[in-house]
Amino acid sequence: MWLRGLFGAGFIAGMAGACASIAPGGPAPAAAPGADDGAAVVAERSPGPRLLDLTVRSPVLAGTADVRLLLPPGWSRDAGRTWPVLYLLHGGGADHTAWTANTAVERIAGQHGVLVVMPDGGACGNYSDWWNRGGGGPPGWETFHLAELRQILERGYGAGTERAIAGAGMGGTGALAYAARHRGLFRAAASFSGALNTLHHDPGGLDGPDLIELGVAVGAPAATWTDLWGRPDEQRMVWRHHNPYDLADRLAGTRLYVSSGDGTPGPYDPYAGADAGRGPGPGRGPDVVEALAHRVALQFTGKLRRLGIPASSHFYQGTHTWPYWERELNTALPLLLAEIT
């Protein structure tokens, strides 16, 4: 039942001055500035204090996607200023509500004068523009996040150009891949339990390609898993282009934080203690997803050392679950903020 740990907890765990207040459930102003390709906000909702949810119509997604914003103190549309931006990416099987639903991110990050952006990334979007057998086309999650959404936020919601990015599970992989593929776009990046070597091969157990195939099968059962990046043997350059391990040299100059658990129950697991040796789930088997994240994180940080690229890291006893990622966000946040505030 380790799949439940993967896809249930982590992986399944002109606008300025146009409107000075948030209108819960109301449409965005018609004059709201959009992205260069026509992507635009079509609705806004306020689910809580200083939270603002946007629904964005996106040509590269051929539909709409939601984005949750945690607004900094003093934010208003007509403030005449910008704020540093922290992107928080969710894991597989989750959505834009994951960080607020599973962590105290509003308390952890809400008072630091940054605009926290929590976008939907698809249940198994893998923070990529899908290869689609060489034809491209929807879904284009990377273009949505880094072109369309970025333009919308900078033109209408006070987003500045000082950016950091972090994510858990699939979002951790995406955070470091985004920072590497778009050098200079993010000043700092953090991965919590991300699969940082998607081409890691383990003939005796779960490996990187297995994890991607399982993620697509569960998160997008109507899709063929090879539509994402192709087959790892035949389209290896496509895979390498999206693999943090292969892109590690491109992270020079970016402040980095990498963490993962070893897959055994730790202090935030309710079955730790007397049952600690019996595994994390109903079947009491090992948390193979977190164990894989641990192995490839060690590979990744080892490669960074060989390249002479500094990184902060934290490897611990624990599983692929939100309490650990909340702790890691608490730990990594000062490092991330130091680069953008």
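As a convention, each chain's residues are numbered from 1 in the sequence order in which they are written. Residue-level local features of this predicted model are given only where pLDDT is at least 70; pairs of side-chain atoms are given and counted only at 80 or more, and the full residue set underlies all totals for whole chains, interfaces and linings. Values shown for side chains rest on all heavy atoms present in the structure; no hydrogens or waters enter the calculation.

## Considering empty space enclosed by the protein
Argument step 1. A pocket here means an open set of points on a 1 Å grid, computed over the protein atoms alone, that has protein on both sides within 12 Å along at least five of seven lines. A cavity is instead a set of points where a 1.4 Å probe fits but cannot get out; residues with an atom within 4 Å of a point line either one. Grid points are joined across faces, edges and corners, and a volume is the space filled by probe spheres set on the points. Each pocket or cavity is described by its volume, and for the second largest cavity that value is around 50 Å³.
Argument step 2. Along its surface, the second largest cavity is lined by Asn126, Tyr127, Ser128, Met170, Thr173, Gly174, Ala177, Arg181, Trp229 and His242.
Argument step 3. Looking at the lining of the second largest cavity, its residues break down into four nonpolar, five polar and one charged. In this classification, Asp, Glu, Lys and Arg are treated as charged, Ala, Val, Leu, Ile, Met, Phe, Trp, Tyr, Cys and Pro as nonpolar, and every other residue, Gly included, as polar.

## Side note on helix 10 (residues 322-340)
Argument step 1. When the terminal C-alpha atoms of helix 10 are compared, their 25 Å separation across 19 residues agrees well with the 27 Å that a helix rising 1.5 Å per residue should span.
Argument step 2. Consider a residue and the seven residues that end there alongside the seven that start there; fitting an axis to each set, the bend is the angle between those axes. Helical segments are the DSSP runs of H or I of at least four residues, strand segments are the runs of E of at least two, and each set is numbered from the N terminus. Its axis deflected by about 40° at alanine 332, helix 10 carries its strongest bend there, up to four residues before the proline proline 334.
Argument step 3. What helix 10 keeps buried is the set Trp322, Tyr324, Trp325, Glu328, Leu329, Ala332, Leu333, Leu335, Leu336, Leu337 and Ile340. Given a helix with a known number of residues, its expected span is that number minus one, times 1.5 Å. Three labels apply to residues, based on accessible area from a 1.4 Å probe with only protein chains included: buried if under 20% of the type maximum, exposed if over 50%, partly exposed otherwise in between.

## Observations concerning the pattern of salt bridges
Argument step 1. The salt bridge criterion pairs a side-chain nitrogen of Lys or Arg with a carboxyl oxygen of Asp or Glu, the two atoms within 4 Å. Summed over all chains, the structure comprises 12 salt bridges.
Argument step 2. Arginine 77 is the salt-bridge partner of glutamate 44, the closest N and O atoms lying 2.6 Å from each other. Placement of the pair is glutamate 44 in strand 1 (residues 40-48) and arginine 77 in the loop between strand 3 (63-70) and strand 4 (83-89), with a sequence separation of 33 residues.
Argument step 3. Since its relative accessible area comes to 3%, glutamate 44 is described here as buried.
Argument step 4. Using a relative accessible area of 6% as the deciding quantity, one classes arginine 77 as buried.
Argument step 5. In this structure, arginine 295 engages aspartate 202 in a salt bridge whose closest nitrogen and oxygen atoms are separated by 3.7 Å. Of the two residues, arginine 295 sits in helix 9 (residues 288-307) while aspartate 202 sits in the loop between strand 7 (188-192) and helix 6 (208-219), which places them 93 residues apart along the sequence.
Argument step 6. By relative accessible area, arginine 295 is classed as partly exposed at 32%.

## What to know about the packing of aromatic side chains
Argument step 1. Under the pairing criterion, centres of Phe, Tyr and Trp rings, with the six-membered ring standing for Trp, must be within 6.5 Å; the plane angle then separates stacked pairs below 30 degrees from edge-to-face pairs above 60, leaving the rest tilted. Enumeration according to the criterion identifies 11 aromatic pairs in this entry.
Argument step 2. Centroid distance tryptophan 229 to tryptophan 239: 5.0 Å. Interplanar angle 75°. Geometry classified as edge-to-face. With a gap of 10 residues between them, tryptophan 229 in helix 7 (residues 226-229) and tryptophan 239 in helix 8 (residues 236-241) connect regions that are remote in the sequence. The residues tryptophan 229 and tryptophan 239 share a single accessibility class, namely buried.
Argument step 3. When the ring centre of tyrosine 245 is taken as origin, the NZ or CZ atom of lysine 303, which lies over that ring, is 4.4 Å away.
Argument step 4. The criterion for a charge sitting over a ring is simple: Lys NZ or Arg CZ within 6 Å of the ring centre, and within 35 degrees of the ring normal. In this structure, arginine 327 packs its charged tip against the face of tyrosine 316, placed 4.5 Å from the ring centre.

## Brief notes about the pairing of strand 7
Argument step 1. Burial of strand 7 is extensive: five of the five residues sit out of reach of the surface.
Argument step 2. Residues Ala188, Ala190 and Phe192 line one face of strand 7 and the alternating positions Ala189 and Ser191 line the opposite face, and both faces are buried.
Argument step 3. Pairing of strand 6 (residues 159-168) with strand 7, which is carried by five bridges, proceeds in the parallel orientation. Residue pairing across strands places alanine 166 opposite alanine 190, the latter belonging to strand 7. Strand pairing requires that DSSP identify at least two bridges connecting the strands.

## As for the environment of glutamate 290
Argument step 1. One can find glutamate 290 in helix 9.
Argument step 2. In this structure glutamate 290 comes out as buried when scored by relative accessible area, which is 0%.
Argument step 3. Remark: the alpha-carbon pair of glutamate 290 and glycine 261, spanning 29 residues in sequence, is separated by 6.1 Å.
Argument step 4. For glutamate 290, the side chain forms a polar contact with the side chain of serine 193, separated by 2.6 Å. Pairing of N or O atoms within 3.5 Å defines a polar contact, subject to two protein rules: one partner must be a possible hydrogen donor and the other a possible acceptor, and residues neighboring in sequence count only if both atoms are side-chain atoms.

## Observations concerning the nonpolar core
Argument step 1. Among the nonpolar cores identified, the biggest contains 56 residues, and Leu54, Leu69, Val117, Leu153 and Tyr157 are the most heavily contacted of them.
Argument step 2. Note on contacts: a residue pair qualifies if any of its non-hydrogen atoms lie within 4.5 Å across the two residues. With residues near it in sequence (within four places) discarded, leucine 153 still touches Leu54, Leu69, Tyr87, Val117, Gly158 and Ala159.
Argument step 3. By convention a nonpolar core is built from buried Ala, Val, Leu, Ile, Met, Phe, Trp, Tyr and Cys residues, the set being connected through side-chain atoms within 4.5 Å. Ranked by size, the runner-up nonpolar core spans 31 residues in total, among them Val116, Trp325, Ala332 and Ile340.

## A few points about the sheet that holds strand 3
Argument step 1. A sheet is described by the order of its strands in space; here nine strands give the open sequence 1-2-3-5-4-6-7-8-9, paired in mixed fashion. Looking at the sheet topology across the chains shown, the edges are occupied by strand 1 and strand 9 (312-316). Sheet twist, expressed as the mean angle between neighbouring strand axes with direction ignored, is 20°.
Argument step 2. Of the strand pairs in this sheet, strand 3 and strand 5 (residues 115-119) are connected by four bridges, and their pairing is antiparallel. If you follow leucine 70 over to strand 5, its bridge partner there is valine 116.
Argument step 3. Fitted lines through C-alpha atoms serve as axes, helices being fitted only where they are in contact, and the angles separating the N-to-C directions of these axes extend from 0 to 180 degrees. Relative to strand 7, helix 10 is tilted by about 170°, and along the sheet it contacts strand 4, strand 6, strand 7, strand 8 (255-261) and strand 9.

## A closer look at the side chain of aspartate 53
Argument step 1. Counting through the fold element by element, aspartate 53 comes out in strand 2 (residues 51-58).
Argument step 2. Polar contacts involving the side chain of aspartate 53 include one to the side chain of arginine 68, which spans 2.8 Å.
Argument step 3. Aspartate 53 has contacts with Ala43, Glu44, Arg45, Pro47, Val67, Arg68 and His96, leaving out every residue within four places of it along the chain.

## A look at unusual backbone geometry
For residues other than glycine, phi is negative in most cases, and the peptide bonds are mostly trans.
Argument step 1. Cis peptide bonds are those with omega within 30 degrees of zero, and the linkage from proline 138 to proline 139 qualifies with -5°.
Argument step 2. Mapped onto the fold, proline 139 is located in the loop between strand 5 and helix 4 (141-156).
Argument step 3. Even without glycine at this site, asparagine 126 takes up a positive phi of about 55°.
Argument step 4. The backbone phi angle of serine 193 is positive, close to 65°, even though this residue is not glycine.
Argument step 5. Mapping serine 193 onto the fold places it in the loop between strand 7 and helix 6.
Argument step 6. Judged by relative accessible area, serine 193 falls into the buried class, the value being 1%.

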